[in-house]
Every structure is written in C-alpha cells, then in structure tokens.
Amino acid sequence: MRNSSDTDGDGGAGGVGQGLVGRLRRGMAHGVLSFPLTSFHDDGSLDLDGFRAHLEAQLATGPGAVFPACGTGEFFSLDEEEYGQVITAAVEVTAGRVPVVAGTGYGWAQAARFARIAEQAGADALLVLPHYLVAAPQDGLVGQLEQLAARTRLPLIAYQRGQVAFDTDSLRRIVRIPGVIGLKDGHSDLDRLQRLTLAAPDGFLFFNGASTAEIQARAYAAVGVPAYSSAVHAFAPEIADAFFAAHARGDDAAMDRLLREFYVPFVELRDRRPGYAVSLVKAAARLRGRPVGPVRAPLTDPSAADLADLEALLATGLDLASDLVPVGAAL
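Quantities reported herein were computed from a predicted structural model and do not represent experimental measurements.

Caption draft 1: Region of interest: the overall build of the protein chain. Summing up its helical and strand segments, the protein chain has 12 helices and 7 strands in all. At 19 Å, the protein chain has a C-alpha radius of gyration in line with the 20 Å of a compact globule built from 331 residues. Counting only C-alpha atoms, the protein chain reaches 50 × 45 × 35 Å along its principal axes. Within the protein chain, the fraction of its 331 residues that count as buried is 55%.

What follows is the structure, given as structure tokens:
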C-alpha cells in the first residue's frame, strides 16, 4: 500500500467505491488481509456452515479485510451458484466489520458474470484474478480490465501473477479506468514493482500478494508496499499476527526468528508438490480443528509424511508466536 494518509480519495477510481480505499488503507495498517478457505464436505460438496464458522474465527483476529473465493478459497473450483452462496455468506458473517473483496476471473465475459453475482450478494469490491490460460499483450491486459469495469459497479483490484504482468505505461492507463483502485502483485519483481509504484497517483493501492508473503514483506515495504495477504492467517492467525506486529514495530530480530524457524521451513514444505500453496494451508487448518474439509481436484491433499512434517512445524510456529506475543498483548 502506498501513501498512508487518512484521506478517502479513490485515486483512479473515478468516484466508484467512495470511501472504500480509505477503509482498506486503515484496515491494512492494523492487520493482515485474510483470504478464507472455502469449506467442503468429505464428498466434495460445499459446506456453508463450515465456511461460516471458519470465517467467524478469522474475523475474531481482526484482519484488515477479507477476500473470499479467491485463490486460497479455490475460486477456480466453484460454479456460479456455489460462488454466490460463498460471497453471500461472507457478507452476512462479516456484517460490515471489514471490507469484503470477492474474487473474480477467467475472461472478462465470465468475470462479469461473477461480478454481477458478487454485486447482488453485497460485496464491497472485486479482486480480478489472472485470466485463463493464454498469454496476452499489454493492450489486451488493459482491455480485460476496461471491459470488466464497464460491466460492474464494484471497485476492482487487479492481480498481476502468472501470465499477467503490467508495465508502467499500462499502469498509467489502468489507474484512469473508472473503478480500478489498486494492484496486487504476485511476481516479486521488485525492480518492476518500484517502477509501478512511482508511476501511480497518490491514493492508488498496492498489495504484496507473493506466496507466503511474509518471506518478502520487508523487501516489498522498502519499495512502498507494506500491505500484504497472509495464507498463514487462514490456519494460524497467532503466527501471522506475531509477524505482522514485529513488522509493524520494525523488530528485525523477531521477524528473523519467525522466518528462520517457521516461514522458511513452511515454504520448503509447500514447494514439495504442486498445489500445496492451497492444500497445505487447508490441511493445516484441519489440524487446528477448523471445519474446512478437503480440497477439490485437481488439487490433492498432502501425503501422510508431509502432513506429519506440517503438524510438527505448526507446533513449532505456535510455540514461537506465543513466546513473541504473550497472550493478551496488544498487537
């Protein structure tokens, strides 16, 4: 997030979502961004009661905003009816406590269908996930956002990851699209990201969306992007909050200890198999007793050996968080 003034200016949003940028800015100054898991029964069917319980537990820890049905929430495996049920439940459970930013994606025509569902459900904004499969030139990447923005009243946060990577000229065009309020980065190309932040107007939001974002939180903050999403928050908010608090107070020793003893081993475990960025998170949530259920294919749940390693690492992380942030301490 760049420019941490308390004004509610919407940057390039053209008046769409007046006040939302200010709400997001203030929320991100006090907590991580929560990407709740989508709960499924053992047979793969949607478990809305489990999702509601999981989200309520997430909200109790004070996140800056919630992003349901995004990558961690298995957006790609939901049909439109299920998606509508998840976003509706998220809006109801959240009850205005923090902004609800729903995921949308694929090509702009399908993304617009999900956007209409999110509007009807009462979401505050949309995170535009990378389009499906094909590579595209810069004009096409901008055109995707232009087409979607023309078909929804909800503010948009673009997400560059995979085959989507904006250059500075495209960023200057994006910020002029009515309704586009921010950019989430998952590439971790800090040279490119610095150029983008410098090209953006005051009030435009930037988010660290790297996988296990805590690993690079200090590097992102150094180029003007301190706000980040935390997959760890989905299963161990105690650990995520301990890191956030250390980051906020500039406690390098605490951050280094958390990174060395928990986050780096977690990333190494995550990298053992494709899809573990989601399925490992969901398995960890189950170990904590969260009613999130299994992942849907094409993802697979962790092997028994990996699950045992995850359980041991989780215990280490929770002990460490308890040492660094005693119970009852203000974050």
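Caption draft 2: Region of the structure containing helix α5 (residues 138-149). Look at α5: 17 Å from first C-alpha to last across 12 residues, which is about the 16 Å you get at 1.5 Å a residue. Here the buried face of α5 lies against β3 (101-104), α4 (108-121), β4 (125-128), β5 (156-160) and α6 (168-174).

Caption draft 3: Representation of the confidence of the model for the protein chain. Looking at the protein chain as a whole, its pLDDT mean stands at 93, while 92% of the residues score no less than 70. Within the model, the stretch residues 1-14 combines pLDDT values under 50 with 52 contacts to residues more than four positions away or in other chains. Note on residues 326-331: pLDDT is under 50 here. Beyond four places in sequence and across chains, it has 3 contacts.

Caption draft 4: Summary view of a nonpolar patch on the surface. Among the surface-exposed residues, Y132, L133 and V134 lie close enough to one another that they form a single nonpolar patch of about 360 Å² accessible area. Tracing the backbone shows V134 in the loop between β4 and α5.

Caption draft 5: The arrangement of the pattern of salt bridges in detail. Tallying each qualifying case throughout the model produces 19 salt bridges. Across the pair E82 and R296 runs a salt bridge whose closest N-O atoms are separated by 2.7 Å. In this pair, E82 is assigned in helix α3 (residues 80-94) and R296 in the loop between α11 (276-287) and α12 (304-324), connecting sequence segments 214 residues apart. The class for R296 is buried, based on a relative accessible area of 15%. R257 serves as the salt-bridge partner of D323, at 4.0 Å between the closest nitrogen and oxygen. Of this pair, D323 sits in helix α12 while R257 sits in helix α10 (residues 252-270), and the two are 66 residues apart along the sequence. For D323, a relative accessible area of 53% puts it in the exposed group. The class of R257 is partly exposed, set by a relative accessible area of 31%.

Caption draft 6: Just the packing of aromatic side chains, in detail. Counted according to the given criterion, the structure contains 13 aromatic pairs. Judged by centre distance (5.9 Å) and plane angle (80 degrees), the rings of F75 and Y83 are edge-to-face. An identical accessibility class is assigned to F75 and Y83; each is buried. Look at Y106 and F114: their rings are 6.2 Å apart centre to centre, the planes differ by 35 degrees, and that puts the pair in the tilted class.

Caption draft 7: Up close: the pairing of β3. The alternating pattern of β3 places V101 and G103 and A102 and T104 on opposite faces, both of which are buried. In the sheet, β3 pairs with β4 via 4 bridges, with the strands oriented parallel. The residue of β4 that forms the bridge with T104 is V128. Handedness of the crossover joining β3 and β4 through α4 is recorded here as right-handed.

About the criteria used
All residue numbers refer to position in the chain's written sequence, counted from 1. Only residues with pLDDT of 70 or above have their local features reported here, since the model is predicted, and side-chain atom pairs are shown and tallied only from 80 upward, although totals for entire chains, interfaces and linings are computed over all residues. The side-chain figures draw on all heavy atoms in the structure; neither hydrogens nor water molecules are used. Segments assigned H or I by DSSP are reported as helices when at least four residues long, segments assigned E as strands when at least two residues long, and all are numbered from the N terminus. With C-alpha atoms as the basis for the radius of gyration, the globule rule is written as 2.2 Å multiplied by the number of residues raised to the power 0.38. Think of it in three bands: residues with accessible area under 20% of the maximum for their type are buried, residues over 50% are exposed, and the middle band is partly exposed, with areas taken using a 1.4 Å probe on protein chains only. One fewer than the residue count of a helix, multiplied by 1.5 Å, yields its expected span. Between two residues, a contact is recorded if the distance between any of their heavy atoms is within 4.5 Å. What pLDDT conveys is the predictor's confidence in a given residue, as a value from 0 to 100. Patch members must show over 30% relative accessible area and no salt bridge, and they are joined within 9 Å when carrying like charges or within 5 Å when they are nonpolar side chains of Val, Leu, Ile, Met, Phe, Trp or Tyr. Note on areas: these come from Shrake-Rupley sampling with a 1.4 Å probe, and a residue is covered only by the protein chains present in the view. One side-chain nitrogen of Lys or Arg within 4 Å of one carboxyl oxygen of Asp or Glu is enough to make a salt bridge. For this analysis, a ring pair means two rings from Phe, Tyr or Trp (six-membered ring only for Trp) whose centres lie within 6.5 Å, classed as stacked if their planes differ by under 30 degrees, edge-to-face if by over 60, and tilted for the remaining angles. Note: two strands are recorded as paired if DSSP finds a minimum of 2 bridges between them. Crossover handedness is defined by viewing with both strands directed away from the observer: a clockwise path from the first strand over the helix to the second marks the crossover as right-handed.

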